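# Residue-level structural notes
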Amino acid sequence: MQIMRRPFASLAPTRSRPQTVIEKIVQKYAVGLQPLQTVHQGDYVSIQPEHVMTHDNTAVVMGKFRSINAAKFKNPRQAVFTLDHDVQNRSEKNLSKYTSIAAFAKEHGIDFYPAGRGIGHQILIEEGYAFPNVMTVASDSHSNMYGGIGCLGTPIVRTDAAAIWAAGRTWWQVPPVVKVELLNTLPAGVTGKDVIISLCGLFNQDQVLNAAIEFSGEEGLKGLSVDERLTVANMTTEWGALVGLFPADKVTTDWLSARAKKLSRWQPSGDHPRLNHQRIQDLIDNPIRADPKARYAKHLTLDLATVSPHVSGPNSVKVASPLSELQEKRVAIHKAYLVSCVNSRASDLRAAAKVLQGRKVAPGVEFYVAAASSEVQREVEESGDWGILVNAGAKVLPAGCGPCIGLGAGLLRDGEVGISATNRNYKGRMGSPNSQAYLASPAIVAASAVKGFICGPDALDSSSQRSSSTAITPKITITDTSLESDASVTDLLEPIPGFHSKLSGEILFLDADNLNTDGIYPGKYTYQDDVTPERMAQVVMENYDPQFSEIARE
């Protein structure tokens, strides 16, 4: 294996060619560029993002921050702390960690949202840290969600977060940009969750792996609400992408205007510092659009008119089945979940409440519900939808990640089957590696909780005929438009000084393609800050193979 490098954009020859929306946004946040230098796919750039969010992992980032002898933040307004992952854990140890994070935030003047306020990604949307045409990063893989409102959101590692705290910047390589065109409009009863589950299942050969996605299609986009866009963008992470960007169009600005109006009633000054009408008007007056001849690595299309309700799994987002097929199999469930950053907004909870109105959760089924934020919960409490869920038998959890990350109450046990409106159903993610997890929309999850097997709302209506209908195969296309090699860049490829030009050694072969992060290192351990290297060696790959540590030792 040869270790090579590409030049930083600031060192590459000056180029002038059309840009995608993603390239233009990165251009805004790239620092140290030469005059007239334009940013393109493949370039390494130094970025200075608008905001950087950390959550429970703030404690680990604090340690890294101190390890580089940093004493203060380059820009305290850049950072945001949100406590959301292990909020059910009331142990002295966890509470002490939360207290230390709060004190650190106060010391440095950082915006801080305590446990119970909600999931960090939702807070960044509600509070305007994620805003159209800006770049906001987070030390969490579901930062892609910000793309639902036209914000370039992408994940960074904890070391990069510490670097941004200290220096205001970090490095980033601009990924290949893929255009995903959504044609026509969704049929009645089909949701944004069905769209992204279908995309993950239809394009399941790594077509967008490590890419940045730009969604397009005027008619298709017009029919998707902001909440649905957030759902789709969120799960572009599971699809394999690093960005899932929707355009900032009229749907976006209408949502922002309504949100700003609502927030202005709560602000003493009348204007929210980030979500205000002046900033929205500036967005409308200065749109960012792809240049007519912008180059994309691939062009994918999905005809929304051919999409039907779909279910993902078991234990893989690459397996997607039409609801009608699974419903006929009557797959029994033990647990149902309406939690997480992908599908626990007010519209999601209302959709589930509509299904559960006047009904009860089936005997033997546990149905767990948590709002994406305290504000969301307050809204559905006032509308009466929260009460419908509780009266139907839902078990309420605090606003936070909980079972989605494998923490707290309600985890899947050996042999159990669960259906969830979350974003990940990886083996062992939500509990035992010997359980099975499916993903679906809130309405399907609610209906399944009532019937005790995977089904849609139509199964609750004995007069409905739709549940027995055959699903149409979604229509898709894919065009590979890979960029030709740029000779000016290729000529500069060379081994990185100080590194050997070749690596050699013994390889332990893992017979699995694209092993997910939970297979490599279970998510529940990432929020235990005191795990020793010895313990890490014991649990690494345990969801892939419980005997891995012994085999590797041999």
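As a reminder, the structure under discussion sits directly above these lines.
Residues numbered from 1 in each chain as written. Predicted model: local features only at pLDDT ≥ 70, side-chain atom pairs only at ≥ 80, totals over all residues. Heavy atoms only, no water.

## Here's the deal with the overall build of the protein
What counts is decided by this rule: Comment: elements are numbered from the N terminus, with helices defined as DSSP H or I runs of at least four residues and strands as E runs of at least two. Each residue gets one of three labels from its accessible area relative to the maximum for its type: buried under 20%, exposed over 50%, partly exposed in between, using a 1.4 Å probe on protein chains only. In what follows, a contact means two residues having at least one pair of non-hydrogen atoms within 4.5 Å. Only the protein chains shown count as covering a residue, and every accessible area follows the Shrake-Rupley method with a 1.4 Å probe.
Within the protein, the regular secondary structure consists of 20 helices and 22 strands. In terms of overall dimensions, the protein has a C-alpha envelope of 70 × 55 × 55 Å along the principal axes. Relative to its 554 residues, the protein shows a buried fraction of 54%. Within the protein, contacts between residues at least 6 apart in sequence are counted, and of these 75% link residues at least 24 apart. For the protein, the accessible surface area stands at approximately 23900 Å², while carbon and sulfur atoms represent 52% of it.

## A closer look at the pairing of strand S10 (residues 177-183)
Filter applied, for reference: The pairing criterion is simple: DSSP has to find at least two bridges between the two strands. Handedness is read with the strands pointing away from the viewer; a crossover is right-handed when the path from the first strand over the helix to the second is clockwise.
Both S10 and strand S11 (residues 212-216) contribute to a ladder of 5 bridges, which runs parallel. Within the sheet, the bridge partner assigned to Val180 lies in S11 and is Phe215. In terms of handedness, the path from S10 via helix H6 (residues 192-202) over to S11 forms a crossover that is right-handed. Bridge count between S10 and strand S13 (residues 298-303): 6 bridges; the pairing is parallel. Looking across to S13, one finds that Glu181 is bridged to Thr301.

## A closer look at the packing of helix H2 (residues 58-67) against helix H3 (residues 92-108)
As a reminder of what qualifies: Fitting a line to C-alpha atoms yields each axis, with helices limited to the stretch in contact; the angle taken between N-to-C directions then spans 0 to 180 degrees. The scheme is simple: roughly parallel for angles under 35 degrees, roughly antiparallel for over 145, roughly perpendicular for 65 to 115, oblique for anything else. Take the far helix as your reference; a near helix turned counterclockwise from it by less than a right angle gives a left-handed crossing, and one turned clockwise gives a right-handed crossing.
Packing of H2 against H3 brings their axes to within 10 Å, and their N-to-C directions diverge by 55°. For the element pair H2 / H3, the angle class is oblique. H3 is crossed by H2, and the crossing has left-handed handedness. Here H2 contributes Thr58, Ala59, Met62, Phe65 and Arg66 to the contact with H3, which in turn contributes Lys97, Ser100, Ile101 and Phe104.

## Some thoughts on the sheet that holds strand S8 (residues 152-155)
If you walk across this open sheet you meet the 5 strands as S6-S5-S4-S7-S8, and the pairing is parallel. At either margin of the open sheet sits one strand with a lone partner, and together these are strand S6 (111-113) and S8. Strand after strand, the sheet turns through a mean of 20° between neighbouring axes, direction not considered.

## Observations regarding the nonpolar core
Just so we agree on the cut-off: By nonpolar core is meant a set of buried Ala, Val, Leu, Ile, Met, Phe, Trp, Tyr and Cys residues that side-chain atoms within 4.5 Å join together.
Among the nonpolar cores identified, the biggest contains 69 residues, and Val26, Phe81 and Trp165 are the most heavily contacted of them. Tallying contributions element by element places helix H1 (residues 21-29) first for this core, with 5 residues. Not counting residues within four places of it along the chain, the set of residues in contact with Phe81 comprises Thr54, Thr58, Phe73, Ile101, Phe104, Ala105, Ile110, Asp111, Phe112, Tyr113 and Trp165. Within the second largest apolar cluster, 42 residues are counted, among which are Val355, Ala371, Ile444 and Ile454.

## With respect to empty space enclosed by the protein
Applicable threshold: Here a cavity means grid points, on a 1 Å grid over the protein atoms only, where a 1.4 Å probe fits yet cannot get out; a pocket means an open set of points with protein on both sides within 12 Å along at least five of seven lines; lining residues are those with an atom within 4 Å of a point. Grid points are joined across faces, edges and corners, and a volume is the space filled by probe spheres set on the points. Note on residue classes: Ala, Val, Leu, Ile, Met, Phe, Trp, Tyr, Cys and Pro are nonpolar, Asp, Glu, Lys and Arg are charged, and everything else, Gly too, is polar.
Going through the model one piece at a time under the given rule, you end up with 2 cavities of 30 Å³ or more. Space inside the largest cavity adds up to approximately 40 Å³. What lines the largest cavity is simply Asn315, Leu412, Tyr426, Lys427, Gly428, Arg429, Met430, Gly431, Ser432, Ser435 and Ala437. Tallied by class, the residues present in the lining of the largest cavity amount to 4 nonpolar, 5 polar and 2 charged. When its volume is computed, the second largest cavity comes out at roughly 30 Å³. Forming the walls of the second largest cavity are Val87, Gln88, Val339, Ala370, Leu397, Pro398, Gly400, Cys401, Gly402 and Pro403. Split by residue class, the lining of the second largest cavity holds 7 nonpolar, 3 polar and no charged.

## A short note on the environment of Gly244
Mapped onto the elements, Gly244 comes out in strand S12 (residues 243-245). On a C-alpha basis, the gap between Gly244 and Cys151 in space is 9.2 Å, while along the polypeptide they are 93 residues apart. Here Gly244 is in contact with Asn144, Gly147, Gly148, Ile213, Phe215, Ala233 and Thr236, once residues within four sequence places are set aside.

## A closer look at the sheet that holds strand S21 (residues 476-480)
The strand order across the open sheet built from 5 strands is S12-S11-S10-S13-S21, with neighbouring strands paired in mixed fashion. For this open sheet the edge positions go to S12 and S21, each flanked by a neighbour on one side alone. Taken over all neighbouring pairs, the strand axes of this sheet differ in orientation by 15° on average, direction set aside.

## Describing the pattern of salt bridges
Heads up, the rule is: Each reported salt bridge corresponds to a side-chain nitrogen of Lys or Arg within 4 Å of a carboxyl oxygen of Asp or Glu.
Summed over all chains, the structure comprises 19 salt bridges. Linking Arg424 and Glu238 is a salt bridge whose minimum nitrogen-to-oxygen distance equals 2.6 Å. Taken together, the residues span a long stretch of sequence, with Arg424 in the loop between strand S19 (417-420) and strand S20 (436-439) and Glu238 in helix H9 (residues 236-239) at a distance of 186 residues. Residues Lys250 and Asp254 are paired through a salt bridge, measuring 2.8 Å at the closest nitrogen-oxygen approach. With Lys250 and Asp254 both in helix H10 (residues 250-264), this residue pair falls 4 residues apart, about one helical turn. Three or more residues joined by partner-sharing salt bridges are found here, namely Arg259, Lys262, Arg350, Glu375 and Glu379.

## As for helix H16 (residues 442-451)
Burial runs high along H16: 9 of the 10 residues are buried. Among the residues of H16, those classed as buried are Pro442, Ala443, Ile444, Val445, Ala446, Ala447, Ser448, Ala449 and Val450. Count one or two residues on from H16 and you reach Gly452, which has phi positive near 85°.

## As for the side chain of Lys335
This is how the line gets drawn: Here a polar contact means two N or O atoms within 3.5 Å. Within protein one must be a hydrogen donor candidate and the other an acceptor candidate, and residues neighboring in sequence count only if both atoms are side-chain atoms.
In this structure, Lys335 sits in strand S16 (residues 335-338). Within the structure, Lys335 has its side chain in polar contact with the side chain of Glu416 (distance 2.5 Å). With residues near it in sequence (within four places) discarded, Lys335 still touches Glu366, Tyr368, Gly410, Leu411, Leu412, Arg413, Glu416, Val417, Gly418 and Ile419.

## Regarding the side chain of Gln207
Position of Gln207 relative to the elements: it lies in the loop between H6 and S11. A polar contact of 3.5 Å, which involves the side chain of Gln207, links it to the backbone nitrogen of Asn204. Among the polar contacts made by the side chain of Gln207, one reaches the main-chain amide nitrogen of Gln205 at a distance of 2.8 Å. Other than its neighbours up to four places away in sequence, Gln207 contacts Lys298 and Ile478.

## What to know about unusual backbone geometry
Here Gly313 and Pro314 are connected by a cis peptide whose omega angle stands at 10°. Here Pro314 lies in the loop between strand S14 (310-312) and strand S15 (320-322). The backbone phi angle of Asn69 is positive, close to 60°, even though this residue is not glycine. If you trace the backbone, Asn69 turns up in the loop between H2 and strand S5 (79-82). If you check the backbone angles, Ser340 has positive phi at about 95° while not being a glycine.

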